[in-house]
Every structure is written in structure tokens, then in C-alpha cells.
Amino acid sequence: MSETIFTKIINREIPADIIYEDDLVLAFNDINPQAPTHFLVIPKKPIATINDIKSEDREVVGHLYLAAAKIAQQQGFAQQGYRAVMNCNEYGGQTVYHIHLHVLAGKPMGWPPYQDTLKV
Ligand code: AMP
């Protein structure tokens, strides 16, 4: 896959507001927050979309959630609650093709998470 802006953040080639890092993942605040707290947890291994996750990636993908929950505890919103979501491809709203878990917190989240008039 071609390199994305997230690889540049991992390699410190461009700045980001990094809040957590370990061997497998990096977390940083979203540049365009959609909630009072909005950060992304990304694997250091570049994987383009959910569709590209392989069996051998199960540890790192599971680790995205473990890191999200750890940060939620650290930042004090774990019990109040939050949303953790990953978008896939065009209809999922994905714009950066390096998988990332959005973690949104600090306000009640609506459901469904979209507004449209499409009849299916
Ligand atoms: P998605 O649309 O699910 O692919 O989400 C991509 C997210 O990356 C969006 O919420 C963007 O605001 C965020 N984003 C893009 N560039 C940066 C950046 N340089 N630093 C932090 N967040 C970014």
C-alpha cells in the first residue's frame, strides 16, 4: 500500500498531538474533532482497510481496543462511556487508508450515527 499521512506521523515526519504509544500502536488527537474528546488509535503496521486485516494481524487489531480502553481509564471517561469506531472504504466514510480506531467521548453519542434519506 502507498504511504499515508499516518505513516508520516508514526515516523515523526509530521507533527501530531500524540497521547499514547507502545510497541504496536500509536494514539493521537484528531485534527478535526467531532466530540470534546476525539483521538485515533492506529497500528504501527500499515493496514489499508478492515478488508485487508489478515489472521496474523489479530493481536495488533485487538491491541487497538486495549489501548483505547487504557487511555479511556487514564483520561477518566471510561465509566461514563464513549464510542470506538472504525470506518471502511467510501460508504464507511474512510478518508485515510491506514486503519484507525476513532475514540469519541465527552458527550452522549447519537444512534444511528448518520443522517440521510436513502431508502434501501
Ligand atoms: P476516516 O475518515 O475514518 O478515515 O478518519 C480520518 C481521520 O483522520 C479524520 O477524523 C481526520 O480529521 C483525521 N486526520 C487527518 N489528518 C490528521 C492529522 N494530521 N492529525 C490528526 N488527525 C488527522
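Preceding block: the structure.
Please read all numbers here as calculations on a predicted model, not as lab measurements.

Points about the overall build of the protein chain
Argument step 1. For the protein chain, the helix and strand inventory stands at 3 helices and 5 strands.
Argument step 2. Its helices and strands taken in sequence order, the protein chain reads α-β-β-β-α-β-α-β from the N to the C terminus.
Argument step 3. A compact globule built from 120 residues should have a C-alpha radius of gyration of about 14 Å, and the protein chain, at 15 Å, falls within 12% of that.
Argument step 4. Viewed in the frame of its principal axes, the protein chain has a C-alpha envelope of about 40 × 35 × 30 Å.

What about the nonpolar core?
Argument step 1. Counting 20 residues, the largest nonpolar core has Val-25, Phe-39, Val-41 and Leu-64 as the members making the most contacts within it.
Argument step 2. If you list the elements that add at least two residues to this core, you get β2 (25-29), β3 (37-43), α2 (58-75) and β5 (101-105).
Argument step 3. The greatest single-element share of this core, amounting to 7 residues, is contributed by α2.
Argument step 4. Each residue touching Phe-39, except ones within four places of it in the same chain, is listed here: Ile-19, Ala-27, Phe-28, Asn-29, Asp-30, Ile-71, Gln-75, Phe-77, Leu-101, His-102 and Val-103.
Argument step 5. Ranked by size, the runner-up nonpolar core spans 8 residues in total, among them Phe-6, Ile-9, Ile-10 and Phe-28.

Structural notes on the sheet that holds β3
Argument step 1. Taken in spatial order, the 5 strands make up an open sheet running β1-β2-β3-β5-β4, and their pairing is antiparallel. Where the open sheet ends on each side, the last strands, each with one partner, are β1 (18-21) and β4 (82-85). Direction aside, the axes of adjacent strands within the sheet are offset by 20° on average.
Argument step 2. Direction of pairing for β4 relative to β5: antiparallel, over a ladder of 4 bridges. Following the sheet pairing, Arg-83 is matched in β5 by Leu-104.

What to know about the pattern of salt bridges
Argument step 1. Taken as a whole and judged by the stated rule, the model has 4 salt bridges.
Argument step 2. Across the salt bridge formed by Glu-3 and Lys-8, the nearest N and O atoms sit 3.2 Å from each other.
Argument step 3. When the shortest N-O distance is used, the salt bridge between Arg-12 and Glu-21 registers 2.7 Å.
Argument step 4. One continuous salt-bridge network, built from bridges that share partners, spans Arg-12, Glu-21 and Lys-44.

Rules and cut-offs
Residues numbered from 1 in each chain as written. Predicted model: local features only at pLDDT ≥ 70, side-chain atom pairs only at ≥ 80, totals over all residues. Heavy atoms only, no water. Helix = DSSP H or I, 4+ residues; strand = E, 2+ residues; numbered from the N terminus. Rg over C-alpha atoms; globule rule 2.2 N^0.38 Å. Core = buried A, V, L, I, M, F, W, Y, C linked by side-chain atoms within 4.5 Å. Buried < 20%, exposed > 50% of the residue type's maximum accessible area, 1.4 Å probe, protein only. Contact = heavy atoms within 4.5 Å. Pairing = 2+ DSSP bridges. Axes fitted to C-alpha atoms, helices over the stretch in contact; angles between N-to-C directions. Salt bridge = Lys/Arg side-chain N within 4 Å of Asp/Glu carboxyl O.

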